[in-house]
Amino acid sequence: PFRGLYQKTLGYLSFAASVFLFFLTRRLKKEDLILVTSGPVFPAYGICLLSKWKRNLRYIVDVRDLSPQTVLGMGFITESSPSYRVLKWLSDQTYIGAEAAVGVVEGIRDYLAAVIPPERAHLVYNPIDTDLVQPLSGDEVREFKKRHSDLFGAPETTTFLFAGALSVYMDLMTLMKALKILSGTTRHFRFILIGYGEEQENLQQFVKENGLSENVRF
């Protein structure tokens, strides 16, 4: 994962083929219902295609990223390209063939409701256990930062956090270059990056070569 567009796409395609072959050889009951999470959308394509052959195969698609619109936003393809039009048609056909389609934000649900009958387009937010994950009080924050001073630095240090894919399309190298300029004015900041991706080694090398190791932590 996160080792470049082509390797990721190959991984998604191989998984989609595995899903297709698994359900091709599996006897389904009429009450069986398959839940397909998308993205990546390729497994959903496989299930949609298989449903044309196996009439008793029923599925719901859980849409977490609209594809190929997400890839378009990353700049890997253009809206006028044949690949974009083909992938968009495949995605829409997948939504149309589903028993229902679920979006995790209003914008995705609204898009789905424009492609399929609105009563089959649903909105279910990503759940969070607020007993497990909740903001700390101010005193607890200060105590936590004090216990982990090796990560957060001195009390007067301003801390920033990035949590996500360290991928090319996030353009984190521009952020690193900005931090290099900022370090000439102040050193009272700490930028913490949580995640991994194809840009991780390049980012770490830049931080090391430009004396930012105390200010940027991975």
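Summary of the structure given here. (Residues numbered from 1 in each chain as written. Predicted model: local features only at pLDDT ≥ 70, side-chain atom pairs only at ≥ 80, totals over all residues. Heavy atoms only, no water.)

The next subject is the overall build of the protein. What the protein contains, in helices and strands, is 9 helices and 7 strands. Here the protein has a C-alpha radius of gyration of 22 Å; the compact-globule value for 218 residues is 17 Å, and the former is much larger. Taken along the three principal axes of its C-alpha coordinates, the protein extends 65 × 40 × 35 Å. Burial status across the protein gives 32% buried among its 218 residues. Counting only contacts in the protein whose residues sit at least 6 apart along the sequence, the fraction spanning at least 24 positions is 66%. Approximately 13800 Å² of the protein is accessible, and the part contributed by carbon and sulfur atoms is 59%. (Helix = DSSP H or I, 4+ residues; strand = E, 2+ residues; numbered from the N terminus. Rg over C-alpha atoms; globule rule 2.2 N^0.38 Å. Buried < 20%, exposed > 50% of the residue type's maximum accessible area, 1.4 Å probe, protein only. Contact = heavy atoms within 4.5 Å. Areas by Shrake-Rupley, 256 points an atom, 1.4 Å probe, with all protein chains shown as cover.)

Moving on, we get to the environment of Ile77. For Ile77, the location among the structural elements is in the loop between α3 (69–74) and α4 (82–97). Apart from the residues lying within four places of it in its own chain, the contact partners of Ile77 are Pro68, Val71, Leu72, Ser83 and Tyr84.

Summed over the entire model, instances satisfying the criterion amount to 7 salt bridges. Among the ionic pairs, Arg58 bridges to Glu99, the shortest N-O distance being 3.8 Å. With Arg58 in the loop between α2 (42–53) and β2 (59–63) and Glu99 in the loop between α4 and β3 (100–103), the pair connects residues that are 41 residues apart, well separated along the chain. For Arg58, a relative accessible area of 27% corresponds to the partly exposed category. What makes Glu99 partly exposed here is its relative accessible area of 40%. The closest approach of N and O atoms between Arg217 and Glu214, which form a salt bridge, is 3.5 Å. Given the relative accessible area of 23%, Arg217 is considered partly exposed. Overlapping salt bridges bring together Arg190, Glu214 and Arg217 as one network. (Salt bridge = Lys/Arg side-chain N within 4 Å of Asp/Glu carboxyl O.)

The 3 strands lie next to each other as β5-β6-β7, forming an open sheet whose pairing is parallel. The open sheet has two edge strands, β5 (158–163) and β7 (216–217), and neither has a second partner. Sheet topology places β5 next to strand β6 (residues 189–194); 6 bridges connect them, and they run parallel. Residue pairing for β6: Phe160 is matched across the bridge by Phe191. Here helix α8 (residues 172–182) sits on the sheet in contact with β5, β6 and β7, set at roughly 165 degrees to β6. (Pairing = 2+ DSSP bridges. Axes fitted to C-alpha atoms, helices over the stretch in contact; angles between N-to-C directions.)

Our next topic: the side chain of Lys54. Counting through the fold element by element, Lys54 comes out in the loop between α2 and β2. One buried charged residue, Lys54, forms no salt bridge at all, with the nearest opposite charge on Asp32 at 8.8 Å. (Lys, Arg positive; Asp, Glu negative; His and termini not counted.)

Here we take up the packing of aromatic side chains. Scanning the entire structure with this criterion turns up 5 aromatic pairs. Centroid distance Phe22 to Phe23: 5.0 Å. Interplanar angle 90 degrees. Geometry classified as edge-to-face. Residue classification places Phe22 among the partly exposed residues on the basis of a relative accessible area of 42%. What makes Phe23 buried here is its relative accessible area of 15%. Ring centres of Phe160 and Phe191 lie 5.6 Å apart, and the angle between their planes is 15 degrees; this geometry places the pair in the stacked category. Taken together, the positions of Phe160 in strand β5 and Phe191 in strand β6 put the pair 31 residues apart, joining distant regions of the chain. Of the residues examined, Phe160 reaches a relative accessible area of 39% and is grouped as partly exposed. (Phe/Tyr/Trp six-rings, centres within 6.5 Å; stacked < 30°, edge-to-face > 60°.)

In this section: the environment of Tyr95. Summarising the element assignment, Tyr95 is placed in helix α4. Separated by 96 residues in sequence, Tyr95 and Phe191 have C-alpha atoms that sit 40 Å apart. Not counting residues within four places of it along the chain, the set of residues in contact with Tyr95 comprises Val61, Val63, Leu66, Ser67, Tyr111, Leu112, Val115, Ile116 and Arg120.

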